[in-house]
Amino acid sequence: MASLIRVGMADYKVGRSPSSLISYGLGSCIGISLYDPQSKVGGLLHIMLPDSNQARASDNPAKFADTGLPLMLNDVLKLGANKARLVAKIAGGAQMFAFSNATDIMKVGTRNAEAVKKILQRMGIRVIAEDTGGNYGRTVQIDLDTGVYRVKTIDRGEKTI
Amino acid sequence: MTDELSLTPIQLDALREIGNVGAGNSATALSQIINKRIDMNVPKVALVPIETVPDLVGGPDAIVVGVFLRVYGRAPSNILFLLPQHSAFYLVDTLMGREHGTTKRLDPMDESALKEIGNILSGAYLNAFFNFTHIAMLPSIPALAMDMAGAILNVVLVQLGQMGDQALVIETEFLAEDDGINGHFFLVPDPGSLSTIIQAVGVE
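Thresholds, definitions, all that
Residues numbered from 1 in each chain as written. Chains lettered and ligands numbered in written order. Predicted model: local features only at pLDDT ≥ 70, side-chain atom pairs only at ≥ 80, totals over all residues. Heavy atoms only, no water. Contact = heavy atoms within 4.5 Å. Buried area = accessible area lost by both parts, 1.4 Å probe. Salt bridge = Lys/Arg side-chain N within 4 Å of Asp/Glu carboxyl O. Polar contact = N/O pair within 3.5 Å; in protein donor to acceptor, adjacent residues only side chain to side chain. Helix = DSSP H or I, 4+ residues; strand = E, 2+ residues; numbered from the N terminus. Nonpolar A, V, L, I, M, F, W, Y, C, P; charged D, E, K, R; others polar. Buried < 20%, exposed > 50% of the residue type's maximum accessible area, 1.4 Å probe, protein only.

Caption draft 1: Up close: the interface of chain A and chain B. Listed as interface residues are 34 residues of chain A and, on the opposing side, 31 residues of chain B. Between chain A and chain B, a total of about 2600 Å² is buried, with carbon and sulfur atoms accounting for 65% of that surface. Counting across the chain A and chain B interface gives zero salt bridges. Remark: the boundary between chain A and chain B carries five residue pairs in polar contact (both at pLDDT 80 or more). For the side of chain A that touches chain B, the elements supplying multiple residues, two or more each, are strand 3 (20-26), helix 2 (108-123) and strand 8 (138-143) of chain A. Per-element accounting of the side of chain A that touches chain B gives the leading share, three residues, to strand 3 of chain A. Here the side of chain A that touches chain B is composed, by residue class, of 16 nonpolar, eleven polar and seven charged.

Rendered as structure tokens:
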């Protein structure tokens, strides 16, 4: 039976068809899906911050793009995905509150998106779809049967990328 | 820096009491504006894993209105006043003298009114805070968003997330006498601010 697996903030899950992975209410956070269309194996990571430079040893690695992505990649490969076939889709990275004097921390969504793309490129994984920026929240869901990445919003409807 | 994970029961009590007086002030202010009795609960002061904070307000995909203020001064913090969507609409109808159930979406005037409510509540709260701690705290102009709770909470959580996996949340719930409005007021000190506040109340 197809199950819906929930991915929390600063968390990741991997799985295979016919499961779906979902993460609710992303603001400046980014939901990154990895998917191998042939083995129908994939994962979803919900990061909060671009890099773990200031992290403490006890910190949860799934909170950061630079430490979370390698972890998820490793688990997806263990499930039988082929790295050369893996493709990534990303969504999120909004700035929820508009301040005229927005500080760096307010723009963390943009920095998240940039960092994720850079890291994926370094890992040799293609980003084939992206829905980032704006000032609204998103709920993201990857269907591991089809690889369709569904992005739901409150005022702007739903789209698949 | 005080390690946030090692607050003593007395320190937590002190923070709770500050939260209590602050929230009391805010509740009085809100009550005067809408001319209804406002009940509040005893503030929760808790260290919570940041990924569970959205659950406090109905889950990460619940639709809420958030008024956000950045607090400047010796103990920089964030204030977030969260209202479930129906509460926000109810409050706006009350403020604008419209029949309840009129508001279906927020126009700029409604948003402005809600921002002002956030402003007044924060001012009342921070005044009480000052009386206890003698730390002057100045709120920024308010910003407003209506969206998923998780997305809105991201703003404060990201800042905390840079430093650790737990958030100190001083939270009070407001309830109007006719149950039409319930709101959550969060004061979330920046990681470094906590020790400043603890020192100021003299319960190191």
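Caption draft 2: Representation of helix 5 (residues 193-200) of chain B in the model. All names here are of chain B. Among the eight residues that make up helix 5, six are buried, leaving the element largely enclosed by the rest of the structure. For helix 5, the full list of buried residues reads Ser 193, Leu 194, Ser 195, Thr 196, Ile 197 and Ile 198. Positive phi shows up at Gly 202, right after helix 5, with a value of about 70°.

The quantities given are spatial measurements derived from coordinates; they are silent on function.
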